[in-house]
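# Architecture at a glance
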Amino acid sequence: MTTTRTFALSDFDFALPGELVAQHPAPQRSASRLLDGRGAVPVDRVFSDLPALLEPADLLVFNDTRVIKARLYGEKPTGGAVEALIERVLPGREVLAQLRASKSPKPGSTIRFAEAFDAEVLGRGGPDGSLFQLRFPSEPLALLDAHGHVPLPPYITHADTADDAQRYQTVFARRPGAVAAPTASLHFDGDLLAALDARGVQRTAVTLHVGAGTFQPVRSERLAEHRMHSEWFEVGADAVAAIEATRAAGGRIVAAGTTTLRALESAALSGRLEAGARETDLFITPGFTFRVVDLLITNFHL
């Protein structure tokens, strides 16, 4: 008889000294450190070693989402400070956002952002009502690009700079909508992509717009009780075809980052990889049956 273990949050506790959290990226993207965990004993490498760790028949899958300047600073008509993290851009010049303020703004009130434009508070929104729905006076992505700030993770202690706007973005970012970067892919640069091409490693892309929920901790001690935030993703027919061709040729599917993995495995929950765009609240824990991904390249996550 087999038993299924119930995992607790404390099962994943470990010590991470603050001085080991890098506050700035390596000068060269592919010069970052890489821990090769394929064998029984992990091996220290650098990221530029990656082509030698993959095979010519392998398929590397990226998340081509583009980070938007999703953090805004403003104030209520009373003068109270407001910090907004835009979770998602909606039709009709509307957005969903996390708001930090001494008192929650009421529906019908306005918030002046960046001393540049007023947003109307429409009320609560989102799947669980924890977000605020706002209406911007014009196209939200343009306003964010002009007045927003790069939404650096909470463990980065410095204010965002022009350099962050460039480095907290993958070199193949294409579709705007993420409030956090698919960080495992930040280590790829033009030289590394050329080396992968020379090795014969194939590439394709999916899109998953990383939401603000990625910054939120798991608060339930019993993992089975945790409700994962929902994110929008799309797996195109071209990506499905590339994966099927790789399988037929005996190659492996290599996911660049957990967001790529989440999109691929969400698209295959029926038992078959299906093209399309939809929401996912998939929470992958030990014991999960992987249907698509064979290898994962991931950052060191809390």
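Preceding this paragraph is the structure being described.
Overview of the structure.

The rules we used
- Residues numbered from 1 in each chain as written.
- Predicted model: local features only at pLDDT ≥ 70, side-chain atom pairs only at ≥ 80, totals over all residues.
- Heavy atoms only, no water.
- Helix = DSSP H or I, 4+ residues; strand = E, 2+ residues; numbered from the N terminus.
- Buried < 20%, exposed > 50% of the residue type's maximum accessible area, 1.4 Å probe, protein only.
- Contact = heavy atoms within 4.5 Å.
- Areas by Shrake-Rupley, 256 points an atom, 1.4 Å probe, with all protein chains shown as cover.
- Lys, Arg positive; Asp, Glu negative; His and termini not counted.
- Charge placed at Lys NZ, Arg CZ, Asp CG, Glu CD.
- Core = buried A, V, L, I, M, F, W, Y, C linked by side-chain atoms within 4.5 Å.
- Polar contact = N/O pair within 3.5 Å; in protein donor to acceptor, adjacent residues only side chain to side chain.
- Patch = residues over 30% accessible without salt bridge, like charges linked within 9 Å, V, L, I, M, F, W, Y side chains within 5 Å.
- Salt bridge = Lys/Arg side-chain N within 4 Å of Asp/Glu carboxyl O.

### Structural notes on the overall build of the protein chain
When its secondary structure is counted, the protein chain shows six helices and 16 strands. Along the longest, intermediate and shortest principal axes, the C-alpha atoms of the protein chain span 60 × 50 × 45 Å. When each of the 302 residues of the protein chain is scored for burial, the buried share is 42%. Once local pairs closer than 6 in sequence are excluded, the contacts in the protein chain between residues at least 24 apart make up 67%. As displayed, the protein chain offers around 16,000 Å² of accessible surface, 52% of which is attributable to carbon and sulfur atoms. One way to put it: in the protein chain the 31 positive side-chain charges average out to a point 3 Å from where the 36 negative ones average out.

### Points about the nonpolar core
Y168, L264 and V292 are the most contacted members of the largest nonpolar core, which has 29 residues in total. The set of elements that each furnish at least two residues to this core consists of strand 3 (59-63), strand 12 (202-208), strand 13 (231-235), helix 5 (237-248), strand 14 (253-256) and helix 6 (258-266). Grouped together as the second largest cluster of nonpolar side chains are 22 residues, L72, F117, F136 and L143 included.

### Re unusual backbone geometry
Located in the positive-phi region is R93, a residue other than glycine, with phi close to 65°. Summarising the element assignment, R93 is placed in the loop between strand 6 (81-89) and strand 7 (94-101). Positive phi outside glycine occurs at E115, with the angle close to 55°. Positionally, E115 belongs in the loop between strand 8 (110-113) and strand 9 (117-125). According to the relative accessible area criterion, E115 is exposed, its value standing at 75%.

### Notes on the side chain of D58
Along the chain, D58 turns up in the loop between helix 1 (50-53) and strand 3. Classification of D58 as buried rests on a relative accessible area of 2%. Within the structure, the side chain of D58 is placed 2.7 Å from the side chain of R252, a separation counted as a polar contact. Every residue in contact with D58, bar those within four places of it in the chain, is listed here: V201, Q202, T246, G251, R252 and V254.

### A short note on a nonpolar patch on the surface
Residues F14, L16, L20 and F300 make up a contiguous nonpolar surface patch of about 440 Å² in total accessible area. Checked against the element boundaries, F14 lands in the segment before strand 1 (33-36). According to the relative accessible area criterion, F14 is partly exposed, its value standing at 42%.

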